[in-house]
Amino acid sequence: ESLLYTSYSTGFKSGGWTTRLIFPSSTESEFGPEKSATLEVGFKSSLLENRLSTDVALFSTLYKDIQLPFIAPGFGTPVTMTAGTARINGAELEASAIVVHGLKVSSSLAYLDARYTELQPGVTGITLGSDLPKTPKWKASLSPQYTFPVFRGEFRAALQYTYTSSLYNDTENTPLLRRPSTDMLDGSVSYATTSGWTLTAGCTNLTNDRFLIAGAAQPSVIGYFGTYDEPREWYLQLRASL
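Here the residue numbers are simple positions, counted from 1 along each chain's written sequence. Totals for whole chains, interfaces and linings use all residues, but because this is a predicted model, local features are given only for residues with pLDDT of at least 70 and pairs of side-chain atoms are given and counted only at 80 or more. Neither water nor hydrogens contribute to the side-chain values; these are computed over all heavy atoms in the structure.

Q: Looking at this structure, I do not really get the nonpolar core. What am I missing?
A: For soluble globular proteins, the rule of thumb is that nonpolar side chains tend to be buried together. Formed by Phe59, Ile66, Leu68, Phe70, Ala83, Ala86, Ile88, Ala114, Tyr116, Val123, Ile126 and Leu132, the largest nonpolar core amounts to 12 residues. For this core, the leading source of residues is strand β5 (residues 52-71), giving four residues. Each residue touching Phe59, except ones within four places of it in the same chain, is listed here: Thr38, Leu39, Glu40, Ile88, Asn89, Gly90, Ala91, Glu92 and Leu112. We call a set of buried Ala, Val, Leu, Ile, Met, Phe, Trp, Tyr and Cys residues a nonpolar core when their side-chain atoms join them within 4.5 Å. When a residue's accessible area, from a 1.4 Å probe over protein chains only, is under 20% of the maximum for its type it is buried; when over 50% it is exposed; and in between it is partly exposed. Secondary structure follows DSSP: runs of H or I at least 4 residues long count as helices, runs of E at least 2 residues long count as strands, and numbering of each begins at the N terminus. The contact definition used throughout considers only heavy atoms, calling two residues in contact when any of these lie within 4.5 Å.

So this is what it looks like as structure tokens:
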């Protein structure tokens, strides 16, 4: 079974102004509305009696008057400004396979080519060659899951590995705030009864990797600051379907 599709969608984000400033300023902190348009084509298929499924998608998004946070002179705090126009082209591949009875492996691979194509007059701190913030070039995941029946229910064990290539946390591409490529591993085990109860024990960030997920550079005020990801965390969850 196969499906070929195409879609076109548009988006809109209203304009506004930055309301929280450290220093009083006579300069306007307003920013205009942002618009986006996305064209996507894709292919979905299911093979081997639904034991193997694949999804492939290609897309292109045009952002007009993209809104981004900047450390603008005279404000003393990050302000949102209309930066210009950006184009993001990308490709995504997803696949899942039932390897043996009870064992399912899912995977994904995504690629992004994000570029500024035009900058508004007066925008400083970036060039047409700058990277868009929070935009990794590559992202991949692998998720094996094993399920088997037990007394009046089902036991499930799952792992999820996610790789993300390096990215910049701020608009100005500050080297100190650059996030390196990361490898994240999560895992869980669960028992679900036929009566609707599910008990799950799991752990996020099993390797306890720490890296910056946000930050800003204000050398003339307080220097550089950032926020790190969550450390290794364990959880126990009980759910009921009534």
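Q: So what exactly am I meant to see when it comes to the packing of aromatic side chains here?
A: Stacked, edge-to-face and tilted labels apply to pairs of Phe, Tyr and Trp rings (six-membered ring for Trp) whose centres lie within 6.5 Å, assigned for plane angles under 30 degrees, over 60, and everything in between, in that order. Tallied over the full model, the rule gives three aromatic pairs. Plain terms: the ring middles of Tyr111 and Trp138 are 4.8 Å apart, the flat faces sit at 50 degrees to each other, and that makes the pair tilted. Taken together, the residues Tyr111 in strand β7 (residues 103-119) and Trp138 in strand β8 (residues 138-150) connect sequence positions 27 residues apart. A relative accessible area of 28% means that Tyr111 is categorised as partly exposed.

Q: Is there a simple way to explain the environment of Leu52 in this structure?
A: Locating Leu52 in the fold gives a position in strand β5. The partly exposed category is assigned to Leu52, whose relative accessible area is 27%. Measuring from C-alpha to C-alpha, the distance between Leu52 and Ala97 comes to 4.4 Å, with 45 residues separating the pair along the chain.

Q: Even after reading the chapter, I still don't get a nonpolar patch on the surface, so can you show me in this structure?
A: Residues Leu4, Phe43, Val56, Leu93, Leu109 and Trp138 make up a contiguous nonpolar surface patch of about 550 Å² in total accessible area. Structurally, the position occupied by Leu93 is in strand β6 (residues 78-100). Like charges are joined within 9 Å and nonpolar side chains (Val, Leu, Ile, Met, Phe, Trp, Tyr) within 5 Å, but only among residues with over 30% relative accessible area and no salt bridge; these make up the patches. We get accessible surface area from the Shrake-Rupley algorithm with a probe of 1.4 Å; when it comes to residues, only the shown protein chains can shield them. Counted as salt bridges are all cases of a side-chain nitrogen of Lys or Arg within 4 Å of a carboxyl oxygen of Asp or Glu.

Q: Help me out: how do you make sense of the pattern of salt bridges in this one?
A: Pairing between side chains of opposite charge can happen when their charged atoms approach one another. Following the criterion strictly, the structure yields four salt bridges and no others. Of the charged contacts in the structure, one is a salt bridge between Arg115 and Asp113, with a shortest N-O distance of 3.0 Å.

Q: How should I be thinking about the sheet that holds β6 in this particular structure?
A: Through backbone hydrogen bonds, the strands of a sheet pair up, either in parallel or in antiparallel fashion. Following DSSP output, two strands are said to pair if at least two bridges run between them. Strand order in the open sheet formed by 10 strands is β1-β4-β5-β6-β7-β8-β9-β12-β13-β16, and the pairing between neighbours is antiparallel. Pairing within the sheet leaves two strands with one partner each, and these edge strands are β1 (2-13) and β16 (233-240). Between one strand axis and the next, the sheet turns by 15 degrees as a mean value, whatever way the strands run. Relative to strand β12 (residues 182-193), strand β9 (residues 153-164) runs antiparallel, the two sharing 12 bridges. Paired with Thr162 across the bridge in β12 is Met184. Fitting a line to C-alpha atoms yields each axis, with helices limited to the stretch in contact; the angle taken between N-to-C directions then spans 0 to 180 degrees.

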